[in-house]
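Fold and contact review
As a plain string of letters, each chain reads:
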Amino acid sequence: MANTHDLQEYLSFAIALAKEAGKMIKDATETRMSGAGSQVVMKYDNPTDLVTETDQAVEKYIKQRLSQTYPEHRFIGEETMAEGVEAEFTEEPTWIVDPIDGTTNFVHGHPFVAVSIGLTIAKEPVVGVVYCPLFNELYSAAKGHGAFLNESKRLPLYQPSPPPLGDLSQCLVATEAGSDRSPEVFGKKMNLIHTLLKQKEQNGKQAHSIRCTGSAAINMCSVAKGVVDVYWEVGCWEWDVCAAIVIVRESGGIVVTGSHIADPSPVNLFSRKYLTIRAAQDEDSQLKVAEQMWSIIPEIDAPRKAVPGGFEA
């Protein structure tokens, strides 16, 4: 594990890099608004999974800056993986990056877009930066040093202590439709939303409501802020969540499996199934809400290639 000085150095570098990447995203957004935007293509022939030239340019820039500054570090990026590069997860410092989390929002000019830069050491997420350039909101954290909004406001926003976390029926829950619209995946997600919202008399959980930003990183940072109680998603990737996992944990929240099989241990970064619960006054109340979620989460397949050292397919 890196010492405290190293983590602070890595965090400062990631913050500066996220701001640089954020300017690229903001400039590209303004260009798109003027009618001269970058080309949009489908990934894997899926019309709901999009990538733009800006995604690719931002990741290339981030990767280049990282390799120049930390040539001995490893790199896992969304667009790099999409090009067929095989990932391997080791004990070495590894930067895990999503150049634009919320590409569909970016394509439509919807402002919920973020650059996500996470760092793992000894296979543990230890530094995370999520920057939303169109809102000028920067979330950052390093293990053992707390989580912050715009480098000064400690998270969660509720200080000195978060409000009590009660029953799931008192929660605001974030989730997403995701890019897999096959009946066996999409239908199960919609059924879960129905169960969350239905009245208890109809065997529902009667949660306060559902929120969708279109960005896993922003959803998780909303949990870190304390303005969303629960975030559940199946189908996103390690680059979507790595940075935000650090931010949530340093805010006092937990990130556990989003599978139908209950497991209170820290989530496997590569599992593609995530359940995030905000900070509370005690861990028992967090796990109570997690148990309520696990009791209604259906079995949903989220296939992926094996990641040597990280995940067995």
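This section reports on the structure supplied with the text. Each residue is numbered by its place in its chain's sequence as written, counting from 1. Note on the predicted model: pLDDT of at least 70 is required for a residue's local features to be given, and 80 or more for side-chain atom pairs to be given and counted; whole-chain, interface and lining totals, by contrast, use all residues. The side-chain figures draw on all heavy atoms in the structure; neither hydrogens nor water molecules are used.

1. Side note on the environment of Ala-207
Test applied: Numbering goes from the N terminus for both helices and strands, where a helix is a DSSP run of H or I of at least four residues and a strand is a run of E of at least two. Residue exposure (1.4 Å probe, protein chains only): buried if accessible area is under 20% of the type maximum, exposed if over 50%, otherwise partly exposed.
Locating Ala-207 in the fold gives a position in the loop between helix 5 (183–197) and strand 11 (209–211). With relative accessibility at 6%, the residue Ala-207 sits in the buried group. C-alpha separation for the pair Ala-207 and Val-173, spaced 34 residues apart in sequence, amounts to 7.3 Å.

2. Looking at the state of the cysteines
In plain terms, the rule: Criterion for a disulfide: a pair of cysteine sulfur atoms at a distance within 2.5 Å.
Counted under the stated rule, the structure contains zero disulfides. Of the cysteine sulfurs around Cys-171, a residue in no disulfide, the closest is that of Cys-212, at 16 Å. Accessibility expressed as a relative area gives 1% for Cys-171, which makes it buried.

3. A few points about the environment of Ile-100
Stated formally: Residues count as neighbours in contact if any of their non-hydrogen atoms are within 4.5 Å of one another.
Note on placement: Ile-100 falls in strand 4 (residues 94–101). A residue is classified by how much of its surface remains accessible, and Ile-100, at 1% relative accessible area, is buried. For the pair Ile-100 and Ser-182, spaced 82 residues apart in the sequence, the C-alpha separation amounts to 24 Å. Not counting chain neighbours up to four residues away, the residues in contact with Ile-100 comprise Ile-25, Thr-54, Asp-55, Glu-78, Phe-106, Val-113 and Ala-114.

4. Here's the deal with the sheet that holds strand 6 (residues 124–132)
Threshold: Strand pairing requires that DSSP identify at least two bridges connecting the strands. Here an axis means a line fitted to C-alpha atoms, over the contact stretch when the element is a helix, while the angle between two N-to-C directions is reported on a 0 to 180 degree scale.
Across the sheet, which stays open at both edges, the seven strands sit in the order 3-4-5-6-7-8-9 with mixed pairing between neighbours. In this open sheet, the two strands that pair with only one neighbour each are strand 3 (74–77) and strand 9 (153–154). Relative to strand 4, strand 3 is paired through four bridges, and the arrangement is parallel. Bridging across to strand 4, Ile-76 finds its partner in Ile-96. Contacting strand 3, strand 4 and strand 5 (114–121), helix 2 (residues 53–69) runs over the sheet at an angle of about 155 degrees to strand 4.

5. Description of the pattern of salt bridges
Selection rule: When a carboxyl oxygen of Asp or Glu lies within 4 Å of a side-chain nitrogen of Lys or Arg, that pair is called a salt bridge.
Summed over all chains, the structure comprises nine salt bridges. The residue Glu-151 makes a salt bridge to Lys-19 at a minimum N-O spacing of 3.0 Å. Taken together, the residues span a long stretch of sequence, with Glu-151 in the loop between strand 8 (147–149) and strand 9 and Lys-19 in helix 1 (residues 4–33) at a distance of 132 residues. A residue is classified by how much of its surface remains accessible, and Lys-19, at 39% relative accessible area, is partly exposed. Across the pair Glu-88 and Arg-74 runs a salt bridge, and its minimum N-O distance is 3.7 Å. Of this pair, Glu-88 sits in the loop between helix 3 (78–82) and strand 4 while Arg-74 sits in strand 3; the two residues are 14 residues apart in sequence, bridging distant segments of the chain. Given a relative accessible area of 42%, Glu-88 falls into the partly exposed group.

6. Brief notes about a negative patch on the surface
The test is simple: Each patch is assembled from residues with relative accessible area greater than 30% and no salt bridge, linking like charges that lie within 9 Å and nonpolar side chains (Val, Leu, Ile, Met, Phe, Trp, Tyr) that lie within 5 Å. Computed by Shrake-Rupley with a 1.4 Å probe, the accessible areas treat only the displayed protein chains as cover when residues are assessed. Positive charges are assigned to Lys and Arg, negative charges to Asp and Glu, while His and the chain termini are left out of the count. Each charge is placed at NZ for Lys, CZ for Arg, CG for Asp and CD for Glu.
Together, Asp-180, Glu-184, Glu-299 and Asp-301 give the surface a local cluster of negative charge. Looking at the element boundaries, Asp-180 is found in the loop between strand 10 (172–174) and helix 5. For Asp-180, a relative accessible area of 34% corresponds to the partly exposed category.

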